[in-house]
Amino acid sequence: MPMLDADDAGLDRAAALLRTGGVVAFPTETVYGLGADAFDARAVARIFEIKARPTFDPLIVHVLDEVMLARVASSVSPAVLALIARFWPGPLTLVLRKQAEVPDLVTAGLPTVAVRMPAHPIARALLARAGTPIAAPSANPFGYLSPTRAEHVAAMLGERVDAIVDGGSTEHGLESTIVMLEPEAVLLRHGAVPVEAIEAITGPLARELPDAHRPLAPGRLPQHYAPRTPIRVIDDAASVPQSERERAALLAFRAAEPGYAASRVLSARGDLREAAAHLFEYLHELDALGLARIDAERVPSEGIGAAISDRLARAAAS
Ligand code: TXA
Ligand code: MG
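Here is a short report on the structure shown in this document. The structure displayed is predicted, hence computed values, not measured ones.

**Section: the pattern of salt bridges**
- Using the criterion set out here, one finds 20 salt bridges in the structure.
- One salt bridge connects Asp-271 with Arg-269, and the closest N-O pair in it is separated by 3.5 Å.
- Take Asp-271: its relative accessible area is 26%, and that puts it in the partly exposed class.
- On the accessibility criterion, Arg-269 (57% relative accessible area) is exposed.
- The network of salt bridges with shared partners includes Glu-175, Asp-310, Arg-311 and Arg-314.

Listed below in structure tokens is the structure:
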């Protein structure tokens, strides 16, 4: 598993691997993705194998520009174009009608495809050099914490991938927001773009899928994004009895509490963007300590805080 620098030589190598059926992990502004040529069903099959991901779980296809978008999605409505104009490139994924050429494996047989135009310069350079849309889920084993650093990918998937492009820490630290507008306007996953910002353009989004489109977002499974250490969500560490702190780690929102075996503070100034950027990184660190439990403090559910709360609740349900 060669770790590649994100210089010309590294990007050329990564793009060459992608063009010849390889599977390459790379940074985006949200989390690291595990990518393959979206039109190469055999390469995409390896993604499912490497992640031990069930094939009913469709992938997100990453595109460089509108030209690439047109190769994977068919008709794009004015409402979708308004979201594209406002949020792309960036951490918003749109579920659109798919082109026939997109392999069924990518979309789990659905008539729709999830697409996003990433903003990260390394992801964009890779798309430009590979010259093909890249299907990429988060680069973690299915159900586990998402990776926000190249080292996380190396530790979790190591020898199983063809290469990892090292781009340092990701900016947002959690996944893209996923929205579908037709046949119904639905929020499919809270993520790096606050739902309030999207609803300011689309109007209210439903939170539940129409039956015909189920099950299609395992990111919505009650159990997901989990560390190996049992985790529970608490209101406030100050009210946890001393006896329960000794063999536990604390993931605090604003301030540590004495008595825990280890602790991390998501954001001392209570900044939710900073907290999101630290979330998976700190969970990886605390998980590696092998303690009996992780106590994660609740954060305010406004803006990107909704996505943090969502990830913590699903991790705790596992
Ligand atoms: O930020 C992100 O979105 C990262 C980076 C790498 O781009 N990717 C990511 O992918 O989080 P993944 O596979 O971990 O999550 C993709 C989610 C899944 O819950 C999947 O079910 C949903 O997108 N999805 C994909 N295609 C869909 C479709 N056609 N309809 C509804 N949901 C879909
Ligand atoms: Mg994922």
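After that view, the rundown keeps rolling.
**A word on the nonpolar core**
- Grouped together as the largest cluster of nonpolar side chains are 92 residues, with contacts concentrated most on Leu-34, Leu-92, Leu-94, Leu-174, Val-179, Leu-251 and Ile-308.
- Among the elements that make up this core, the one with the highest residue count is helix 9 (residues 272-288) (eight residues).
- With sequence-adjacent residues up to four places away left out, Leu-94 is seen in contact with Val-80, Leu-83, Ile-84, Trp-88, Val-113, Ala-114, Val-115 and Val-179.

**Considerations on the pairing of strand 10 (residues 186-189)**
- Relative to strand 10, strand 9 (residues 177-180) runs antiparallel, the two being bridged by three bridges. Residue pairing in the sheet places Val-179 in a bridge with Leu-187 of strand 10.
- In sequence, strand 9 turns back onto strand 10 through a hairpin of five residues.

**Quick notes on helix 2 (residues 41-51)**
- Restricting attention to buried positions, one finds in helix 2 the residues Ala-43, Val-44, Ile-47, Phe-48, Ile-50 and Lys-51. Relative to the axis of helix 2, the buried residues are bounded by an arc of 170 degrees and lie together on one face. Residues of helix 2 that are exposed and angled more than 90 degrees away from the buried face: Arg-42 and Glu-49.
- Of the surrounding secondary structure, the elements contacted by the buried residues of helix 2 are strand 3 (32-37), helix 5 (104-107), strand 7 (134-135) and helix 7 (150-157).
- Backbone nitrogen of Arg-42 and a side-chain oxygen of the N-cap are separated by 3.2 Å at the start of helix 2; the cap is Asp-40.

Rules used throughout
Residues numbered from 1 in each chain as written. Chains lettered and ligands numbered in written order. Predicted model: local features only at pLDDT ≥ 70, side-chain atom pairs only at ≥ 80, totals over all residues. Heavy atoms only, no water. Salt bridge = Lys/Arg side-chain N within 4 Å of Asp/Glu carboxyl O. Buried < 20%, exposed > 50% of the residue type's maximum accessible area, 1.4 Å probe, protein only. Core = buried A, V, L, I, M, F, W, Y, C linked by side-chain atoms within 4.5 Å. Helix = DSSP H or I, 4+ residues; strand = E, 2+ residues; numbered from the N terminus. Contact = heavy atoms within 4.5 Å. Pairing = 2+ DSSP bridges. Arc of directions from axis to C-beta. Polar contact = N/O pair within 3.5 Å; in protein donor to acceptor, adjacent residues only side chain to side chain.

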